[in-house]
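Chain by chain, the residues run as shown.
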Amino acid sequence: MAVNMRMVSALFRQTLCVRRLVVSQHCRSFNSQYSEETKAMLDQFIRVDHAGELGADRIYAGQMAVLGNTSVGPVIQEMWDQEKDHLKKFEELIPEYRVRPTFFLPFWNVAGFALGAGSALLGKEAAMACTVAVEEVIGEHYDSQIRALFKDDPEKHKALLETIKQFRDDELEHLDTGLKHDAEEAPMYAALSNIIKIGCKGAIWIAEKV
């Protein structure tokens, strides 16, 4: 049977137009839920959290590359598995909330792995000190977001609040795990911890902007 190419082409164009209309209406519907100020806040929160969870995922990947076959390997793996779940969730939220990821994702990928592997090369105590420092900053960061979302509209942000609360609790559990596994016995613990915290806060600031 001969195929009428004009009809096929017209049908294809019609399908594209319908799809664009649906997407456009969906975007307008999503954007109409929030004020410009709230949308800007959500953009910033999800962009930063996505970048942070990618960084955390890479940190644990680096630690596992060095310490995976040691006594703390299973402990690190368990924390890493939770970070993978966190990252997966924010990768879903990025398109759902129509958020542009930070331009620095490739850098966080490399820097996170380097931090994880580098701290692990100093010993399991230093790796755990890294975990404690990172998770302390992330826990505080999530707390500040929870307060802001409650202040804006706890009912409208209910789903996101539940997600962030759960992830905050997971991060604080990782902090406790690090302390239980001798983080404070790492060489120059205070200095190492402060350097990592400063780096994490700098990364948050950058991701908030770009």
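For the structure itself, look to the data block above.
Residues numbered from 1 in each chain as written. Predicted model: local features only at pLDDT ≥ 70, side-chain atom pairs only at ≥ 80, totals over all residues. Heavy atoms only, no water.

### Examining the environment of R100
In plain terms, the rule: Note on conventions: DSSP H or I runs of at least 4 residues are helices, E runs of at least 2 residues are strands, and numbering of each starts at the N terminus. Contacts are assigned to residue pairs with any non-hydrogen atoms lying within 4.5 Å of each other.
Mapping R100 onto the fold places it in the loop between α3 (73-96) and α4 (105-121). Along the backbone, R100 and D43 are 57 residues apart, and their C-alpha atoms lie at a distance of 7.5 Å. When neighbours within four sequence positions are excluded, R100 is seen to be in contact with R47, K209 and V210.

### Details of the pattern of salt bridges
Definition in use: What makes a salt bridge here is a side-chain nitrogen of Lys or Arg within 4 Å of a carboxyl oxygen of Asp or Glu, nothing more. Working definition: with a 1.4 Å probe on protein chains only, accessible area under 20% of the residue-type maximum means buried, over 50% means exposed, and in between means partly exposed.
The full count for this structure, using the stated rule, is 8 salt bridges. K39 is paired through a salt bridge with D43; the nearest N and O atoms lie 2.7 Å apart. With a gap of 4 residues between them, K39 and D43 both fall in helix α2 (residues 36-67), about one helical turn apart. For D81, the salt bridge identified is with K84, shortest N-O distance 4.0 Å. Taken as a pair, D81 and K84 lie in helix α3 at a separation of 3 residues, close to a single helical turn. D81 gets classed as partly exposed once you look at its relative accessible area, which sits at 36%. Counted as one network, the salt bridges with shared partners bring together K124, E125 and D182.

### Re the side chain of H86
Here H86 lies in helix α3. Those residues in contact with H86, other than ones at most four positions away along the chain, are E53, F167, D170 and E171.

### Comments concerning the environment of A148
Assignment of secondary structure puts A148 in helix α5 (residues 124-152). In this structure A148 comes out as partly exposed when scored by relative accessible area, which is 24%. Beyond its immediate chain neighbours, meaning those up to four positions away, A148 contacts M41 and F45.

### With respect to the state of the cysteines
As a reminder, the rule being used: Two cysteine sulfurs form a disulfide in these notes if their separation is within 2.5 Å.
Following the criterion strictly, the structure yields 0 disulfides and no others. In this structure C130 is not part of a disulfide, and its nearest cysteine sulfur, from C200, lies 7.3 Å away. Residue C130 is classed as buried on the basis of its relative accessible area, which comes to 0%.

### What to know about the nonpolar core
Just so we agree on the cut-off: By convention a nonpolar core is built from buried Ala, Val, Leu, Ile, Met, Phe, Trp, Tyr and Cys residues, the set being connected through side-chain atoms within 4.5 Å.
Y97 and L149 are the most contacted members of the largest nonpolar core, which has 53 residues in total. Sorting the residues of this core by element identifies α2, α3, α4, α5, α6 (158-180) and α7 (189-209) as the ones contributing at least two each. With 13 residues, the top contributor of residues to this core is α5.

### Looking at the packing of aromatic side chains
Which entries qualify depends on this criterion: Here is the rule: rings of Phe, Tyr and Trp (six-membered ring for Trp) pair when centre to centre is within 6.5 Å. Planes less than 30 degrees apart are stacked, more than 60 are edge-to-face, and the remainder are tilted. Two conditions define a charge sitting above a ring: the NZ of Lys or the CZ of Arg must be within 6 Å of the ring centre, and it must be within 35 degrees of the ring normal.
Using the criterion set out here, one finds 3 aromatic pairs in the structure. When the centroid spacing of 5.1 Å and the interplanar angle of 65° are considered together, the rings of F107 and W108 count as edge-to-face. The buried category is assigned to W108, whose relative accessible area is 9%. Counting every residue linked through ring pairs, the aromatic cluster contains F104, F107 and W108. The ring of W80 is capped by K84, whose NZ or CZ atom sits 4.0 Å from the centre of that ring.

### Structural notes on the packing of α2 against α7
What counts, and what does not: Lines fitted to C-alpha atoms define the axes here, with helix axes fitted over just the stretch in contact, and angles between the N-to-C directions of these axes take values from 0 to 180 degrees. Any angle that falls under 35 degrees is termed roughly parallel, while one over 145 is termed roughly antiparallel, one within 65 to 115 roughly perpendicular, and all others oblique. Each crossing is labelled by how the near helix is turned from the far one, with a counterclockwise turn of less than a right angle marking it left-handed and a clockwise turn marking it right-handed. Amino acids outside the nonpolar list (Ala, Val, Leu, Ile, Met, Phe, Trp, Tyr, Cys, Pro) and the charged list (Asp, Glu, Lys, Arg) are all regarded as polar, and Gly is one of them.
The contact between α2 and α7 brings their axes to 8 Å, and the two run at 135°. Viewed along their axes, α2 and α7 adopt a mutual orientation that is oblique. Between α2 and α7 lies a crossing whose hand is right-handed. Across from Q44, R47, V48 and A51 in α2, the residues of α7 making contact are I204, A207 and E208. For the contact of α2 with α7, the residue count by class is 4 nonpolar, 1 polar and 2 charged.

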